[in-house]
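# Chains, contacts and geometry: an overview
Listed here are the chains, written in short residue letters.
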Amino acid sequence: MRFRRYIVSVVVLAALLAAAGSALGAQSSAKAKVTTITFWHAYATNAASPELQQLTKIVIPRFEKLNPTIKVNQVPFDYGSLQQKLTTSVAGGTLPDVIRSDIAWVPEYAKLGAFVPLDTAMPDFKTLAKAVYTGSLATNFYKGHYYGLPLDTNTRVEMYNTAALASAGITSPPATFAQLQADAPALKAKGIYAFADSGTGGWNMLPWIWSGGGTLTNKTYTKATGYLNGPKSVAAVQLLVNLYKAGAIPDLITGNQGALGTEDGLAQGKYATILDGPWMFPIFHQAYPGFHLQTAPVPAGPGGSVSVVGGEDIVVTQQSKNKAAAEQFVRFMLSPWAQLQMAHAGQMPVRPDVTKQLTKLIPYYSIFVKQLKTARPRTPSPSWPQIDTVLGNAIASAFKGEPVQQALDGAAQQIDGLLAG
């Protein structure tokens, strides 16, 4: 009996060991099948930053739980370092799988063949594209394809100082070009500038050009002549030049570094209005806790009230060896849940359905949600940095005395060459 019991015990033990071995083998096999994707971004390099905390502790862990065979190795950079790293990595063949890219970079690196055209790679691209803001989606367009999807967005709206306006007997912010012009003399009499901005590039000037009914290029982004120097674009720039010459806009706009900045000028009542983004609310709250910031849509002209799209896109690189896993991560980052989670850290969602929820949590976002419905992207071109420089220099010259038509004629011609090249 003892011998039989011994035999049975041995058999059972062998079976248990075999089972354990199979389980260990299965676990080893499962571990071997785990795919790690690398995600580069510039949310922040400070570990305590809200964006990095949210991404590291909440968003990525949730993705990995839902996708147990995929791990995410996220690598934060500061903004300038990320662009430099992209450039060297394209040449060196060392790009990661996924990148959170500035919207201005997408066409530039798409031209170099660095990014995957997601509209052909992802079978559900159209569904994802329909879920986001049209203006934000357009930032990914280059030569007939979309090389990314929008990840977070922002835009500029009118911000104003109620007390400054009231001191000149004005009860509401300028809602139109005509009202801005009408308010300017009364404000000047009180030593207040009607409007202030800190530059003449696309981010600053395009809201005025578009709201004036003009445009920088044609719809296919191939030609500027006849558009940037067309009558409506010229009239919009002329409006600002006239206000500047009348003393209603400070020379901060022409690059005078000694002039009072827009943040300080608005809060101190020196400037009645500026254009800026949602990040200004926490900035004003910290720097000027007694100032109650107010917002309104960009003043409307013949083209309506139109602002400019900012933000970042998410792209998959051609060098990625894990494209399916990378695309799955892209889908997740555009999901309503992930978009809302990053919104808690201050990132404005690209999905209108999520921004509706967001405005309940952060009421001041409502004006930006409204403005995004008509906001447009800066020209999605690999040459955008050079185009922006040409545009900014031309308009700065107009502020300094060159006839607006002449300045924009020359700029349009130069930009034609950049678009073609």
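Every chain is numbered independently, its residues counted from 1 as its sequence is written. Side-chain atom pairs in this predicted model are given and counted only at pLDDT of 80 or more, local residue features only at pLDDT of at least 70, and totals for whole chains, interfaces and linings cover all residues. Think of the side-chain values as coming from all heavy atoms in the structure, minus any hydrogens and water.

## Some words on the pairing of strand 3 (residues 98–102)
Heads up, the condition is: For every residue, the accessible area obtained with a 1.4 Å probe (protein chains only) is divided by the maximum for its type, and the residue is called buried under 20%, exposed over 50%, and partly exposed between those limits. By the criteria applied, helices consist of DSSP H or I runs no shorter than four residues and strands consist of E runs no shorter than two, each listed in order from the N terminus. Pairing between two strands requires that DSSP report at least two bridges joining them.
Of all 5 residues in strand 3, 5 are buried; the element is thus mostly enclosed. Of the two faces of strand 3, the one carrying Val-98, Arg-100 and Asp-102 and the one carrying Ile-99 and Ser-101 are both buried. In this sheet, strand 3 lies alongside strand 1 (residues 35–41) in parallel orientation, the contact comprising 2 bridges. Counted as the bridge partner of Trp-40 is Ile-99 from strand 3. As paired strands, strand 3 and strand 10 (residues 309–316) are joined by 5 bridges and run antiparallel to one another. For Asp-102, the partnering residue across the bridge sits in strand 10 and is Glu-312.

## Thoughts on helix 16 (residues 352–361)
As a reminder of what qualifies: Here the arc refers to the directions that run from the helix axis out to each C-beta atom. Contacts between residues were defined by any pair of non-hydrogen atoms, one from each residue, lying within 4.5 Å.
Among the residues of helix 16, those classed as buried are Val-354, Thr-355 and Leu-358. Taken down its axis, helix 16 places every buried residue within 95° of arc, on the same side. In helix 16, the exposed residues that point more than 90 degrees away from the buried face are Lys-356 and Lys-360. Buried residues in helix 16 make contact with helix 15 (336–343) and helix 17 (366–372).

## Structural notes on the nonpolar core
Using the following cut-off: Buried residues of nine kinds, namely Ala, Val, Leu, Ile, Met, Phe, Trp, Tyr and Cys, make up a nonpolar core once their side-chain atoms join them within 4.5 Å.
Of all hydrophobic cores here, the largest spans 50 residues; its most connected members are Leu-187, Trp-208, Leu-216, Leu-228 and Ile-415. In terms of residue count, the dominant contributor to this core is helix 18 (residues 384–399) (8 residues). Not counting chain neighbours up to four residues away, the residues in contact with Ile-415 comprise Leu-216, Ala-224, Leu-228, Ile-387 and Val-390.

## Quick word on helix 19 (residues 404–420)
Quick note on the threshold: By this rule, a helix spans an expected 1.5 Å times one less than how many residues it contains.
A rise of 1.5 Å per residue sets the reference length of helix 19, with its 17 residues, at 24 Å; its end C-alpha atoms lie 24 Å apart and thus fit the reference within 8%. Taken as a whole, helix 19 has its buried residues at Val-404, Ala-407, Leu-408, Ala-411, Ala-412, Ile-415, Asp-416 and Leu-419. Buried positions along helix 19 lie against helix 11 (231–245) and helix 18.

## Overview of the environment of Ser-381
Looking at where Ser-381 falls in the secondary structure, it is placed in the loop between helix 17 and helix 18. Along the sequence, Ser-381 and Asn-161 sit 220 residues apart, while their C-alpha atoms lie 36 Å from each other. With residues up to four places along the chain from it excluded, the contact list for Ser-381 reads Pro-107, Ile-387 and Leu-419.

## Some points on the sheet that holds strand 10
In a beta sheet, neighbouring strands pair by backbone hydrogen bonds and run either parallel or antiparallel. The following threshold applies: Angles shown run from 0 to 180 degrees and are taken between the N-to-C directions of axes, each axis being a line fitted to C-alpha atoms and, for helices, limited to the stretch in contact.
In space, the 5 strands of this open sheet follow the order 2-1-3-10-6, with mixed pairing throughout. The open sheet terminates on both sides in strands that have one partner only, identified here as strand 2 (70–76) and strand 6 (149–155). Between one strand axis and the next, the sheet turns by 20° as a mean value, whatever way the strands run. Pairing geometry for strand 1 and strand 2, over 7 bridges, is parallel. Looking at the pairing, Thr-36 lines up with Lys-71 of strand 2. Sheet strands in contact with helix 2 (residues 50–66) are strand 1 and strand 2, and its direction is about 165° off that of strand 2.

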